[in-house]
Amino acid sequence: CPAMSLPPLYADLEKRWSSNHRSSVRRRVKRLNAEGQLSLVRARTRDDINAVLPRLSALHVAAWQSRTGYSDLAEGGMPRFLATLAESLPLDMIHATELHLNGKAISCHFGFEHDMSLLWYKPAFDIGWSSHAPGKVHVALLARHGIDEGLRKLDFMQGEEAYKQQWSDLTTATKSFALARPMAYPIWAWTTVVRKFAAEYRH
């Protein structure tokens, strides 16, 4: 999984980025600051964390439906799963933040803090501000926040999307676990063993 190590100073982090990425981040931050009061707000109480989730879901649904027609936060298991995490995990493990512009959330993120690391899990941004790249600005301010808190890493977790590679300077290993009834064993075997073997055989 792509990850970004966090040095003691934000300026040192900027120096590590490519010149294009560094210029892009600074330009996007400047553009949003020109629109009004820009701030990163962390939800620290259980009530505040629960209040973030519907805003995150609304932004995620609007953004993904405009691009692919589907959002896993539109209904069903994922919203319930996030709500369960928000209610069940220790508060110090939950790291939920919003990027506010003039007091309104234009980017949201529900993630975790563990072992001196920020874990980037479920982000969403306001599609109406896409030309200002609020997600990119959110990551930059989150990295600054992590440095201020003395954290060592921002782990982007599973997935190798191009935007994650722009920030990252290292990788981490992730273990996956699946819990299911015995009848699911054939599906598990196909997914983890047979399909890979079949692909290698065809080649």
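Look above for the structure.
Residues numbered from 1 in each chain as written. Predicted model: local features only at pLDDT ≥ 70, side-chain atom pairs only at ≥ 80, totals over all residues. Heavy atoms only, no water.

I tried to follow helix α3 (residues 46-67) on my own but got confused; where do I start?
Turn by turn, an α-helix covers 3.6 residues, leaving residues three or four places apart pointing in a common direction. For α3, built from 22 residues, the straight-helix expectation of 32 Å at 1.5 Å per residue is met to within 8% by its first-to-last C-alpha distance of 32 Å. Buried within α3 we find I49, V52, L53, L56, S57, L59, H60, V61 and A63. Check the buried side of α3 and you find it contacts β2 (38-43), α4 (77-88), β3 (94-101), β4 (104-114) and β5 (117-125). Following α3 by one or two positions, G69 has its phi on the positive side, about 85 degrees. (Helix = DSSP H or I, 4+ residues; strand = E, 2+ residues; numbered from the N terminus. Expected span 1.5 Å × (residues − 1). Buried < 20%, exposed > 50% of the residue type's maximum accessible area, 1.4 Å probe, protein only. Contact = heavy atoms within 4.5 Å.)

Help me understand the pattern of salt bridges, please; the structure alone is not making it clear to me.
Proximity of charged atoms lets side chains of opposite charge pair with each other. All told, the structure shown has six salt bridges when counted by the stated rule. Among the ionic pairs, R26 bridges to E14, the shortest N-O distance being 3.2 Å. Of this pair, R26 sits in helix α2 (residues 19-35) while E14 sits in helix α1 (residues 10-16), and the two are 12 residues apart along the sequence. Classification of R26 as partly exposed rests on a relative accessible area of 46%. The partner of E161 in a salt bridge is K164, and the shortest N-O contact between them spans 3.1 Å. (Salt bridge = Lys/Arg side-chain N within 4 Å of Asp/Glu carboxyl O.)

Would you mind going over α4 with me for this structure?
Helix length check: α4 (12 residues) gives 16 Å between terminal C-alpha atoms against 16 Å at 1.5 Å per residue, within 8%. Every buried residue of α4 is accounted for by L82, L85 and A86. Viewed along the axis of α4, the buried residues span an arc of 100 degrees, placing them on a single side of the element. Opposite its buried face, α4 presents the exposed residues R80 and S88, each directed more than 90 degrees away. Those residues of α4 that are buried lie in contact with α3, β3, β4 and β5. (Arc of directions from axis to C-beta.)

Mind showing me how you'd approach the packing of aromatic side chains here?
Aromatic rings considered in pairs are described by the distance between their centres and by the relative angle of their planes. The full count for this structure, using the stated rule, is six aromatic pairs. Taken together, a centroid distance of 5.1 Å and an interplanar angle of 85 degrees make the contact between W17 and W167 edge-to-face. Of the two residues, W17 is situated in the loop between α1 and α2 and W167 in helix α6 (residues 162-167); the sequence distance between them amounts to 150 residues. For the pair W17 and W167, one class covers both residues: buried. For the ring pair F156 and Y163, a centre distance of 6.4 Å and an interplane angle of 85 degrees mean the geometry is edge-to-face. By way of ring pairs, the aromatic residues Y10, W17 and W167 are connected into one cluster. Between the NZ or CZ atom of R144 and the centre of the ring of Y10, over which it lies, the distance is 4.0 Å. (Phe/Tyr/Trp six-rings, centres within 6.5 Å; stacked < 30°, edge-to-face > 60°. Lys NZ or Arg CZ within 6 Å of the ring centre and 35° of its normal.)

Please clarify how the packing of α3 against α4 should be interpreted in this entry.
The geometry of a pair of packed helices is captured by two quantities: the angle between their axes and the separation between those axes. Two elements in contact, α3 and α4, have axes separated by 10 Å at closest approach and are oriented at 170 degrees. Accordingly, the angle class assigned to the pair α3 and α4 is roughly antiparallel. Together, R46, I49, N50 and L53 of α3 and L82, A83, A86, E87 and S88 of α4 make up the contact between the two elements. Looking at side-chain class alone, the contact of α3 with α4 contains five nonpolar, two polar and two charged residues. (Axes fitted to C-alpha atoms, helices over the stretch in contact; angles between N-to-C directions. Parallel < 35°, antiparallel > 145°, perpendicular 65-115°, else oblique. Nonpolar A, V, L, I, M, F, W, Y, C, P; charged D, E, K, R; others polar.)

I would appreciate a short explanation of the packing of α2 against helix α5 (residues 134-148) in the present structure.
Packing of α2 against α5 leaves a shortest axis separation of 9 Å and a crossing angle of 105 degrees. Looking at the two axes, α2 sits roughly perpendicular to α5. Taken together, the residues of α5 that come into contact with α2 (itself represented by H21, S24, V25, R28, V29 and L32) are P134, K136, V137 and A140. A per-class count over the contact of α2 with α5 returns six nonpolar, two polar and two charged.

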